[in-house]
Amino acid sequence: MYEPIRKKSVHSMAEPDGPHRSRTEELDIRLAGHLTALLTVTDELRALTPGPALDDAAERLAETAARLRGGRVPLRAAPTARDEGEAHLTALRQRAHNLAGMALVIATSRDDLVAAELAAACLEQHAEALGLAETA
């Protein structure tokens, strides 16, 4: 009456097909991604508001991302140095603040003290620029 099922159901759990990454490797990849994105935004901010603090942050971000990526230096595009107004600058700083926060969470969860300190410093720097920092 009915023909037997010859294939596995698409609803069954998939069996592993190959090697999978460990939790630490996955966190390294995510952290490197957030730091690289933060580096891109930092480069944009450096083009609009040059300063030694952003230069230092960019250098440290590139070094840390390279360490997490097994020595591969992140690609860096030339920033667009056009001034689109204060709203654009604020949006860039907000984006950098959010990325630094995400990087801090991941760095803390994987106990990477160097990356956590760098992310916290970037978070504080952008919070201060946005007027979000608490005054003592």
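Look above for the structure.
Scope of this entry: the structure provided in the associated data block. On a predicted model such as this, the values are computed, not experimentally measured, just so you know.

## Quick look at the overall build of the protein chain
Scanning the protein chain from N- to C-terminus turns up four helices and zero strands. Listed by position from the N terminus, the elements making up the protein chain come as α-α-α-α. In the protein chain, which comprises 136 residues, the proportion classed as buried is 32%. As presented, the protein chain carries roughly 9,300 Å² of accessible surface, and 56% of it is formed by carbon and sulfur atoms.

## Topic: the environment of Gln 125
Mapped onto the fold, Gln 125 is located in helix 4 (residues 113–130). Between the alpha carbons of Gln 125 and Ala 96 there is a distance of 9.7 Å; along the sequence they are 29 residues apart. Look past the residues within four positions of Gln 125 in its chain and what remains in contact with it is Ala 53, Leu 54 and Ala 57.

## Here we look at the side chain of Thr 36
Tracing the sequence through the fold places Thr 36 in helix 1 (residues 23–48). For Thr 36, the side chain forms a polar contact with the main-chain oxygen of Ala 32, separated by 2.7 Å. Excluding anything up to four places from it in sequence, Thr 36 contacts Ala 65 and Pro 74.

## Structural notes on the environment of Leu 118
Checked against the element boundaries, Leu 118 lands in helix 4. Between the C-alpha atoms of Leu 118 and Arg 60, which are 58 residues apart in sequence, the distance is 7.5 Å. Those residues in contact with Leu 118 that sit more than four places away from it in its chain are Arg 60, Leu 61 and Thr 64.

## A word on the packing of helix 2 (residues 52–68) against helix 4
Packing of helix 2 against helix 4 leaves a shortest axis separation of 11 Å and a crossing angle of 150°. By the angle class used here, helix 2 and helix 4 are roughly antiparallel. Between helix 2 and helix 4 lies a crossing of left-handed hand. Residues Ala 53, Leu 54, Ala 57, Arg 60, Leu 61, Thr 64 and Arg 67 of helix 2 form the contact with helix 4, whose participating residues are Val 114, Ala 115, Leu 118, Cys 122, Gln 125 and His 126. When its residues are assigned to classes, the contact of helix 2 with helix 4 shows eight nonpolar, three polar and two charged.

## So, the pattern of salt bridges
For the coordinates displayed, the defined rule picks out seven salt bridges. Measuring nitrogen to oxygen at the nearest pair gives 2.7 Å for the salt bridge that ties Arg 76 to Asp 43. One end of the pair, Arg 76, is in the loop between helix 2 and helix 3 (86–109); the other, Asp 43, is in helix 1, with 33 residues separating them in the sequence. In this structure, Asp 112 engages Arg 110 in a salt bridge whose closest nitrogen and oxygen atoms are separated by 2.5 Å. The buried category is assigned to Asp 112, whose relative accessible area is 7%. A network of salt bridges, in which partner residues are shared, links Asp 28, Arg 67, Arg 110 and Asp 112.

## With respect to the nonpolar core
Counting 28 residues, the largest nonpolar core has Leu 31, Leu 35, Leu 38, Val 41, Leu 45, Leu 61 and Cys 122 as the members making the most contacts within it. Mapped by element, the contributors of at least two residues to this core are helix 1, helix 2, helix 3 and helix 4. If we skip the residues at most four places from it in the chain, Leu 31 touches Leu 68, Ala 103, Ile 106, Ala 107, Arg 110, Asp 112 and Ala 115.

Reading the values: rules and limits
- Residues numbered from 1 in each chain as written.
- Predicted model: local features only at pLDDT ≥ 70, side-chain atom pairs only at ≥ 80, totals over all residues.
- Heavy atoms only, no water.
- Helix = DSSP H or I, 4+ residues; strand = E, 2+ residues; numbered from the N terminus.
- Buried < 20%, exposed > 50% of the residue type's maximum accessible area, 1.4 Å probe, protein only.
- Areas by Shrake-Rupley, 256 points an atom, 1.4 Å probe, with all protein chains shown as cover.
- Contact = heavy atoms within 4.5 Å.
- Polar contact = N/O pair within 3.5 Å; in protein donor to acceptor, adjacent residues only side chain to side chain.
- Axes fitted to C-alpha atoms, helices over the stretch in contact; angles between N-to-C directions.
- Parallel < 35°, antiparallel > 145°, perpendicular 65-115°, else oblique.
- Left-handed = near helix turned anticlockwise from the far one by under 90°.
- Nonpolar A, V, L, I, M, F, W, Y, C, P; charged D, E, K, R; others polar.
- Salt bridge = Lys/Arg side-chain N within 4 Å of Asp/Glu carboxyl O.
- Core = buried A, V, L, I, M, F, W, Y, C linked by side-chain atoms within 4.5 Å.

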